[in-house]
Amino acid sequence: MLANTFTKTKITDRWRFLKKFIQNPHDVGSIVPSSNRLTQKMLEPIPWNHVHTLVELGAGTGVFTQMIYDLVRPDCQVAVFEKEEEMRELLKREFCGFHMFSNALELKDSLSSIGADRVDCIVSGLPFANFSQAEREKIIRQVRETLREDGLFITFQYSLQMKTMLEAAFDEVSISLVPWNIPPAFVYTCK
Ligand SMILES: C[S@@+](CC[C@H](N)C(=O)[O-])C[C@H]1O[C@@H](n2cnc3c(N)ncnc32)[C@H](O)[C@@H]1O
C-alpha cells in the first residue's frame, strides 16, 4: 500500500539532523534521518482507516511525521513528541493541527492533557539503546498503558537489544530487518 509513498528528505533537514547529532549524540542517536524504505516499513502495518488517535515519539526532522500527515484520516488526532527544541518548533510550523510535546517520558500526562487517554497506534523513533534501563521501562510501561487492547506499537532500533523487553511487554512482536538505511535497522511491530 505504501510502495508509492515517497518522502523526500531535504538537504537542510539532513544538515540540521547531523548538527543536532554532533551537539547531542545521546538523544539524537543517528547521523541521518531514517530512509524512505525504513519509513515505509514502519508505517506499513497501520490500518489507516481505523486509526482515530496516533502518537509519534522522537520525530526528529519529521520523515515519519510527513508520511503520517499524508496518510491519516482527516479526523485523526495526532500527538508528536520531540525533545530537541529547534526541531520541535519546525515540526509545529510544518504540521499544524498535530499536537506537539517535548518529552516521551511524560507520555501519559501529555496525552491526558488533550483528552487522549487511549490511542490506536504509537510509532517510535526513540534511541532506546542510549537510554537507561529505568527510562526504557518508564516509556514502555506508559506505551502499554496508553495503547488500546488491539493497538499497535511500532519502533525501530539498530540492534536486537530491545527484543527481550518488548517480548515481555507485548503479546506479539514481529521483527524485520531494513538493510536500506544508515545504519541498517530492525523494525519491531508489537501488539
Ligand atoms: C534516531 S532520531 C529519529 C528521528 C526520526 N524519527 C527519524 O527516524 O529520522 C531520535 C529522535 O528522538 C528524539 N528524542 C530523544 N529522546 C527523546 C525524548 N525523551 N522525548 C522525545 N524525543 C526524544 C531526538 O531528539 C531525536 O530527534
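Going by the structure above, here's the rest.
Heads up: these notes are all about the structure in this document. Here the structure is a predicted model, which is why all the values come from computation and not from measurement.

### Some remarks on the site of the ligand
Then step 1. Residues in close proximity to the ligand total 23 residues, the closest being Ser-34, Gly-58, Glu-82, Asn-103 and Ala-104.
Then step 2. Going through the elements one at a time, α2 (25–28) and α4 (63–71) are the ones with two or more residues in the shell around the ligand.
Then step 3. Among the residues forming the shell around the ligand, the class breakdown is twelve nonpolar, seven polar and four charged.

### Observations concerning the side chain of Gln-157
Then step 1. Structurally, the position occupied by Gln-157 is in strand β5 (residues 147–157).
Then step 2. Judged by its relative accessible area of 6%, Gln-157 is buried.
Then step 3. At 3.0 Å, the side chain of Gln-157 forms a polar contact with the backbone oxygen of Leu-126.
Then step 4. Beyond its immediate stretch of four places on either side in the chain, Gln-157 contacts Leu-126, Pro-127, Phe-128, Ala-129, Met-162, Ala-185, Phe-186 and Tyr-188.

### Quick look at the pairing of strand β7 (residues 185–190)
Then step 1. Of all six residues in β7, five are buried; the element is thus mostly enclosed.
Then step 2. Here β5 pairs with β7 via five bridges, running antiparallel. By the bridge assignment for β7, Phe-153 is matched with Cys-190.
Then step 3. Pairing of strand β6 (residues 173–178) with β7, which is carried by six bridges, proceeds in the antiparallel orientation. Looking at the pairing, Ser-174 lines up with Thr-189 of β7.
Then step 4. Following β6, the chain reverses through six residues before pairing antiparallel with β7.

What counts as what
Residues numbered from 1 in each chain as written. Predicted model: local features only at pLDDT ≥ 70, side-chain atom pairs only at ≥ 80, totals over all residues. Heavy atoms only, no water. Near = heavy atom within 4 Å. Helix = DSSP H or I, 4+ residues; strand = E, 2+ residues; numbered from the N terminus. Nonpolar A, V, L, I, M, F, W, Y, C, P; charged D, E, K, R; others polar. Buried < 20%, exposed > 50% of the residue type's maximum accessible area, 1.4 Å probe, protein only. Polar contact = N/O pair within 3.5 Å; in protein donor to acceptor, adjacent residues only side chain to side chain. Contact = heavy atoms within 4.5 Å. Pairing = 2+ DSSP bridges.

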